[in-house]
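Structural characterization, general
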2 protein chains.
Amino acid sequence: MLEDVYDDAYFMRKALAEARLAYERNEIPVGAVIVSNQQIIARSHNLTELLVDVTAHAEMQAITAASNFLGGKYLKNCTLYVTLEPCQMCAGALYWSQISRIVFAAPDELRGYLKMGVKLHPKTEVTMGVLKDEASALLKRFFMEKRNLN
Amino acid sequence: MLEDVYDDAYFMRKALAEARLAYERNEIPVGAVIVSNQQIIARSHNLTELLVDVTAHAEMQAITAASNFLGGKYLKNCTLYVTLEPCQMCAGALYWSQISRIVFAAPDELRGYLKMGVKLHPKTEVTMGVLKDEASALLKRFFMEKRNLN
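Quick caveat, the model's predicted, so the values are computed rather than measured. (Residues numbered from 1 in each chain as written. Chains lettered and ligands numbered in written order. Predicted model: local features only at pLDDT ≥ 70, side-chain atom pairs only at ≥ 80, totals over all residues. Heavy atoms only, no water.)

**Section: the overall build of chain A**
Summing up its helical and strand segments, chain A has six helices and five strands in all. Listed by position from the N terminus, the elements making up chain A come as α-α-β-β-α-β-α-β-α-β-α. A compact globule built from 150 residues would reach a C-alpha radius of gyration of about 15 Å, and chain A, at 15 Å, matches this within 12%. For the C-alpha atoms alone, the extent of chain A along its principal axes is close to 45 × 35 × 25 Å. Expressed as a percentage of the 150 residues in chain A, the buried residues total 54%. Carbon and sulfur atoms form 52% of the exposed surface of chain A, whose accessible area is close to 7,300 Å². Looking at chain A, you have 17 positive and 17 negative side-chain charges, and the mean spots of the two groups are 4 Å apart. (Helix = DSSP H or I, 4+ residues; strand = E, 2+ residues; numbered from the N terminus. Rg over C-alpha atoms; globule rule 2.2 N^0.38 Å. Buried < 20%, exposed > 50% of the residue type's maximum accessible area, 1.4 Å probe, protein only. Areas by Shrake-Rupley, 256 points an atom, 1.4 Å probe, with all protein chains shown as cover. Lys, Arg positive; Asp, Glu negative; His and termini not counted. Charge placed at Lys NZ, Arg CZ, Asp CG, Glu CD.)

**A closer look at the UniProt feature "active site" (unreviewed entry) in chain A**
Residues and elements named next belong to chain A. Mapped onto this numbering, the UniProt entry gives "active site" (unreviewed entry) at E59. Its location among the elements puts E59 in helix α3 (residues 58-70). E59 gets classed as buried once you look at its relative accessible area, which sits at 4%. Aside from chain neighbours lying at most four places away, what touches E59 is A32, L80, V82, L84, P86, C87 and C90. (UniProt positions renumbered as here; feature names shortened; annotations may be inferred. Contact = heavy atoms within 4.5 Å.)

**Observations regarding the interface of chain A and chain B**
With 27 residues of chain A at the interface, the matching set in chain B holds 27 residues. Across the chain A/chain B interface, buried area totals approximately 2,500 Å², and carbon plus sulfur atoms make up 63% of it. Of all residues in chain A, V54, K73 and W96 of chain A give up the largest surface area on contact with chain B, accounting jointly for 28% of the area buried on that side. Counting the contacts that link chain A with chain B gives two salt bridges. Counting the contacts that link chain A with chain B gives twelve residue pairs in polar contact (both at pLDDT 80 or more). Where the side of chain A that touches chain B is concerned, the elements lending two or more residues are α3 and α4 (88-97) of chain A. With seven residues, the single largest contributor to the side of chain A that touches chain B is α4 of chain A. Residue classes in the side of chain A that touches chain B are distributed as eleven nonpolar, eleven polar and five charged. (Buried area = accessible area lost by both parts, 1.4 Å probe. Salt bridge = Lys/Arg side-chain N within 4 Å of Asp/Glu carboxyl O. Polar contact = N/O pair within 3.5 Å; in protein donor to acceptor, adjacent residues only side chain to side chain. Nonpolar A, V, L, I, M, F, W, Y, C, P; charged D, E, K, R; others polar.)

**A look at the UniProt feature "domain: CMP/dCMP-type deaminase" (unreviewed entry) in chain A**
Per the UniProt entry, the sites bearing "domain: CMP/dCMP-type deaminase" (unreviewed entry) are residues 6-139 of chain A in this numbering. Here residues 6-139 of chain A runs as 39% helix and 22% strand, with 25 Å between its end C-alpha atoms.

**Points about the nonpolar core**
Counting residues in each nonpolar core, the largest one holds 90 residues, and the members touching the most others are I34 and L80 of chain A together with I34 and L80 of chain B. Excluding residues within four positions of it along the chain, L80 of chain B makes contact with A32, V33, I34, E59, A62, L94, I99, R101, I102 and V103 of chain B. (Core = buried A, V, L, I, M, F, W, Y, C linked by side-chain atoms within 4.5 Å.)

**Notes on a positive patch on the surface**
On the surface, K115 and K119 of chain A together with K115 and K119 of chain B cluster together to form a positively charged patch. Relative to the helices and strands, K115 of chain B is located in helix α5 (residues 113-116). (Patch = residues over 30% accessible without salt bridge, like charges linked within 9 Å, V, L, I, M, F, W, Y side chains within 5 Å.)

**A word on the sheet that holds strand β2 (residues 39-45) of chain A**
All names here are of chain A. In space, the five strands of this open sheet follow the order β2-β1-β3-β4-β5, with mixed pairing throughout. Two strands lie at the open edges of the sheet, namely β2 and β5 (125-128), each paired on one side alone. Direction aside, neighbouring strands of the sheet carry axes that sit 15 degrees apart on average. In terms of strand pairing, strand β1 (residues 31-36) meets β2 through six bridges, oriented antiparallel. (Pairing = 2+ DSSP bridges. Axes fitted to C-alpha atoms, helices over the stretch in contact; angles between N-to-C directions.)

**Regarding the sheet that holds strand β2 (residues 39-45) of chain B**
Residue and element names in this part refer to chain B. Strand order in the open sheet formed by five strands is β2-β1-β3-β4-β5, with mixed pairing between adjacent strands. The sheet terminates laterally at β2 and β5 (125-128), the two strands that pair on one side only. In this sheet, adjacent strand axes meet at a mean angle of 15 degrees when their direction is disregarded. In the sheet, strand β3 (residues 78-84) pairs with strand β4 (residues 101-106) via five bridges, with the strands oriented parallel. For L80, the partnering residue across the bridge sits in β4 and is I102.

Listed below in structure tokens is the structure:
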């Protein structure tokens, strides 16, 4: 059945493809897509090193791009797929966006919004762990290689 | 004495001038400056409506601009002056920036980072209440006028 193709794993694979682009650019490999009506309306990956800007997380760029696409500040009927649990900043931005749903892959037990106690908007549903192993493996590989270079 | 001129109130007045620019543009009037070595290296005001982007808070733009000026991601020896207590998103961004000091004017008892429990970086000192009455009065005037229009 056609609709089964466009499931959470499908869109998370697109976010993972973005994370791999970040990896190739020597950025912490986190990628994101925002989906509305089963259509990707924003894709982005972490660019904090390239842009020399701590605010250039994948999610922040995706929120800006999706708002631009929609012509509105609020991400109603939108789902963010992101390969790593959002941080305080990104969860705070997602709060303001009133996004309908967030799906993330790998948990961030150190600096994720859950550990930090950041509140999402009451309208926002969360699904976690989709393609968690793939996303975690990519992050681990990145940090392992970084460590070996230093 | 010359150095007394450049005190917290001096720089907060500059942030308030930015907040007034936001007000004139029909934006929630919040302004910010970032100071390094008693020099303003970034100034900004809230542009969420004009840019149709929830991430366009004064602080976020100031962080990006200051990093650009410094050529580095970390805002060491920098002070942010902002007319309203930062929200979750902005406090999260300030956490990543490792900024040395934050000075804010008016508290945001509803959605400020203190109420929301967001953590700043351990290196960051905070001073609150500088020109609080001026900043609060401007915000109150804005919301009062908005209410009367609707």
